[in-house]
Amino acid sequence: MKGELKQIAASEGIICGVNTGKQIYCATTGITTAEPNWIKIPGPSNAKQIALYGREMVLVTDDTKIMRAYYNENSTSWIQITGNLEQISIDGAEICGGNAASEIYCSNYNRYSICFPTQCNPSHIPSNSQFEPTYDWNKLQGGLKQVEVRAGRLFGVNSSNKVYYGKSYGAQNFVTLSGTFVEVSYDYDYGRICGINTVKQIYCATQNIFTNPTWELLEVNLDNLSLWGNALYGTINGNAIYYHTF
């Protein structure tokens, strides 16, 4: 797939990522072809990682600031929200992430937004003044360095690369899953989880994913990945983008 990114995120009808120059690029057309229509969008000069839910975007910077925006190819702009995270995930109801101490925090952000991805139309784009910058963060039990939240289900990996599954609210009840990964991604609709191990191999599972996943090797090596629907996007060596459908 055309383009050069070190990190990528996928959602319904959109893919975005950060390149080695910490610049942000997004595409909304050609995203299932070899040539997405990448558009450079304005953003902080030290962007580290971006996450998507529809056209809702959140990112973290190298100095752990959290930024939020609604994608608009003509005038995307960001506001800083409260909190400090090293890594972040968004699912349309919550923002979750881990800090430098591998502490996990989640915030139910929908109550701070007038516009949700499934309800907005292109003619109604929220402005910064319509985003509340103050969020109430709830600290979860356990410690994870990377998390992915979808519909209240949270997968993540800890500093020993062990994989965990639990809930993002209430009684989290985290359980250890088989596998050893540095990063995981989860798709709710297709019930699929994939992970990257320390030698960049990709394993995916659709069976028993909440208890004892049946991992299957995918014949590609990646540094980063993102699942959405029946597709997987990934990056390789900070200068190549991979796309795969199951």
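Residues numbered from 1 in each chain as written. Predicted model: local features only at pLDDT ≥ 70, side-chain atom pairs only at ≥ 80, totals over all residues. Heavy atoms only, no water.

A description of the overall build of the chain should follow, citing residues and the corresponding values.
A tally of helices and strands in the chain yields zero helices and 23 strands. When each of the 246 residues of the chain is scored for burial, the buried share is 52%. Summed over all atoms, the accessible surface of the chain reaches about 10500 Å², with 45% contributed by carbon and sulfur. (Helix = DSSP H or I, 4+ residues; strand = E, 2+ residues; numbered from the N terminus. Buried < 20%, exposed > 50% of the residue type's maximum accessible area, 1.4 Å probe, protein only. Areas by Shrake-Rupley, 256 points an atom, 1.4 Å probe, with all protein chains shown as cover.)

Kindly report on the nonpolar core, identifying the contributing residues and their values.
Counting 16 residues, the largest nonpolar core has Cys 16, Ile 24, Ile 41, Ile 50, Met 57, Leu 59 and Trp 78 as its most contacted members. Looking at this core, the elements that each hand over two or more residues are strand 2 (14–18), strand 3 (24–27), strand 5 (47–53), strand 6 (56–61) and strand 7 (65–70). Among all residues touching Ile 50, those that are not within four sequence positions of it are Gln 7, Ala 9, Cys 16, Gly 17, Val 18, Ile 24, Met 57, Val 58, Leu 59 and Trp 78. Within the second largest apolar cluster, 12 residues are counted, among which are Phe 181, Tyr 186, Ile 193 and Ala 205. (Core = buried A, V, L, I, M, F, W, Y, C linked by side-chain atoms within 4.5 Å. Contact = heavy atoms within 4.5 Å.)

Let's hear about the confidence of the model for the chain: which residues, and what values?
This prediction gives the chain a mean pLDDT of 89; 89% of its residues lie at or above 70. Within the model, pLDDT remains below 50 along residues 111–130, and this stretch shows 33 contacts once partners closer than five positions in the same chain are excluded. (pLDDT = per-residue confidence, 0-100.)

Tell me what's going on with the sheet that holds strand 17 (residues 183–187), and back it up with residues and numbers.
Pairing is antiparallel across the open sheet formed by four strands, whose spatial order is 17-18-19-20. Edge strands, defined here as strands with exactly one partner in the open sheet, are strand 17 and strand 20 (216–221). Neighbour to neighbour, the strand axes of the sheet diverge by 25 degrees on average, direction disregarded. (Pairing = 2+ DSSP bridges. Axes fitted to C-alpha atoms, helices over the stretch in contact; angles between N-to-C directions.)

How would you explain the sheet that holds strand 16 (residues 175–180) if you had to name every residue and give the values?
Sheet strands line up and pair through hydrogen bonds in the backbone, either parallel or antiparallel. One open sheet holds the four strands; their spatial order is 13-14-15-16, and the pairing between them is antiparallel. The open sheet has two free edges, formed respectively by strand 13 (146–150) and strand 16, since each of these has just one partner strand. Sheet twist, expressed as the average angle between the axes of neighbouring strands with direction ignored, equals 25 degrees.

Go over the state of the cysteines, please, and point to the residues and values.
As enumerated under the stated definition, the model contains three disulfides in all. Residue pairing for Cys 96: its cysteine sulfur links by disulfide to Cys 106, the two sulfurs lying 2.0 Å apart. When the S-S torsion is 115 degrees, as for the bridge of Cys 96 with Cys 106, the disulfide is right-handed. A residue pair is termed long-range when its members are at least 10 positions apart, and Cys 96 in strand 10 (residues 94–98) and Cys 106 in strand 11 (residues 103–108) qualify at 10 residues. The residues Cys 96 and Cys 106 share a single accessibility class, namely buried. At a sulfur-sulfur separation of 2.0 Å, the disulfide partner of Cys 194 is Cys 204. The chirality of the disulfide connecting Cys 194 with Cys 204 is right-handed, given an S-S dihedral of about 110 degrees. On the criterion of sequence distance, the pair formed by Cys 194 in strand 18 (residues 192–196) and Cys 204 in strand 19 (residues 201–205) is long-range, its members being 10 residues apart. (Disulfide = S-S within 2.5 Å.)

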